[in-house]
Amino acid sequence: MEVGILIGAALGILIGVILLYYAYLSFYKKKIMENTPTSKIRSLAMGLVEIYGEIVANKKKVLQAPFSQKNCVYYQYVIQVYSVNGKGRGSWNTIQSGIESIPFFLRDATGSVLVDAQAAEVNIEESFVFQSGGKKAVPKYIDVFLQKKNISSQGVFGNKLMRY
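Worth saying up front: this structure is predicted, and the values here are computed from it rather than measured. For every chain, the first residue of the written sequence is number 1, and numbering continues from 1 along that sequence. Only residues with pLDDT of 70 or above have their local features reported here, since the model is predicted, and side-chain atom pairs are shown and tallied only from 80 upward, although totals for entire chains, interfaces and linings are computed over all residues. Note that the side-chain values use all heavy atoms of the structure and ignore hydrogens as well as water.

Colleague: Explain the overall build of the protein to me, and be specific about the residues and the numbers.
Modeller: Per the convention used, a helix needs a DSSP run of H or I reaching at least four residues, while a strand needs a run of E reaching at least two, with both numbered from the N terminus. The helix and strand tally for the protein stands at two helices and twelve strands. Along the protein, helices (α) and strands (β) appear in the sequence α-β-β-β-β-β-β-β-β-β-β-α-β-β when read from the amino end. Its C-alpha atoms give the protein a radius of gyration of 23 Å, clearly above 15 Å, the size a compact globule of 164 residues would have. Oriented by its inertia axes, the alpha-carbon framework of the protein measures out at about 65 × 55 × 20 Å. Buried means the residue's accessible area, taken with a 1.4 Å probe over protein chains only, is under 20% of the maximum for its type, while exposed means over 50%, and partly exposed covers the values in between. Put simply, the protein has 164 residues, and 20% of those count as buried. Across the protein, contacts joining residues at least 24 apart in sequence account for 50% of those joining residues at least 6 apart. It is over C-alpha atoms that the radius of gyration is taken, and the globule rule equals 2.2 Å times the number of residues to the power 0.38. The contact criterion used throughout is that any non-hydrogen atoms of two residues lie within 4.5 Å.

Encoded structure:
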């Protein structure tokens, strides 16, 4: 019995140290972002910078967001399905998510710069949410996207309760 208590205590300490480490990294990253001044494009320095401007897309290549059908240079998507467990409790479970971006120019009054957001950490607000299920059918353009990703919106009793 004492060995089990020691193992549990050691495991608890290890988990606490790991959580403390991740909290420190998050705090450090937040401080770096807060202390990075916004630069003009003409005076960009090498390294970590924050810039603000107007997005200028390449007219020959623009993405189309799969659910809102808007033209864009970057989008994130999440597909979730509502599941009910054996105790009658339900929750939204993510079955697929993804990001797509293309390089674009960012322009301000001093010039423009090419931005590749592929490996960037981007925080954007939700701009589109759609929910289907039961008698509420999935629009054709969303169904085409789901077929490309090998995801079925059909359940045993009609459409699955899904959120996009």
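There's more to say after this.
Colleague: Just give me the short version of the nonpolar core, but keep the residues and values in it.
Modeller: In this text, buried Ala, Val, Leu, Ile, Met, Phe, Trp, Tyr and Cys residues form a nonpolar core when linked through side-chain atoms within 4.5 Å. Residues F67, I79, I142, L146 and Y164 are the most contacted members of the largest nonpolar core, which totals 21 residues. Where this core is concerned, the elements lending two or more residues are β6 (74–84) and α2 (140–148). If you tally residues by element for this core, the top one is β6, at five residues. With near-sequence residues (within four places) excluded, I79 lies in contact with F67, N93, T94, I95, Q96, F145, L146, I151, M162, R163 and Y164.

Colleague: Which residues make up the packing of aromatic side chains, and what are the values?
Modeller: Think of it this way: a Phe, Tyr or Trp ring, Trp meaning its six-membered ring, pairs with another when their centres are within 6.5 Å, and the plane angle makes it stacked under 30 degrees, edge-to-face over 60, tilted otherwise. Counting across every chain of the model gives nine aromatic pairs. What links up through ring pairs into an aromatic cluster is the set F67, Y75, Y77, F130, F145 and Y164.

Colleague: Could you give an account of the sheet that holds strand β3 (residues 54–56), with specific residues and numbers?
Modeller: Two strands are said to pair when DSSP picks up at least two bridges between them. Spatial strand order, β3-β8-β9: three strands in an open sheet with antiparallel pairing. In the strand order of this sheet, the two ends are held by β3 and β9 (111–115), each with one partner. On average, adjacent strands in this sheet sit at an angle of 30 degrees to one another, irrespective of strand direction. Here β3 pairs with strand β8 (residues 104–108) via three bridges, running antiparallel. What sits directly across from I55, in β8, is L106. Interaxial angles span 0 to 180 degrees and are taken between N-to-C directions of axes, which are lines fitted to C-alpha atoms, for helices over the stretch in contact.

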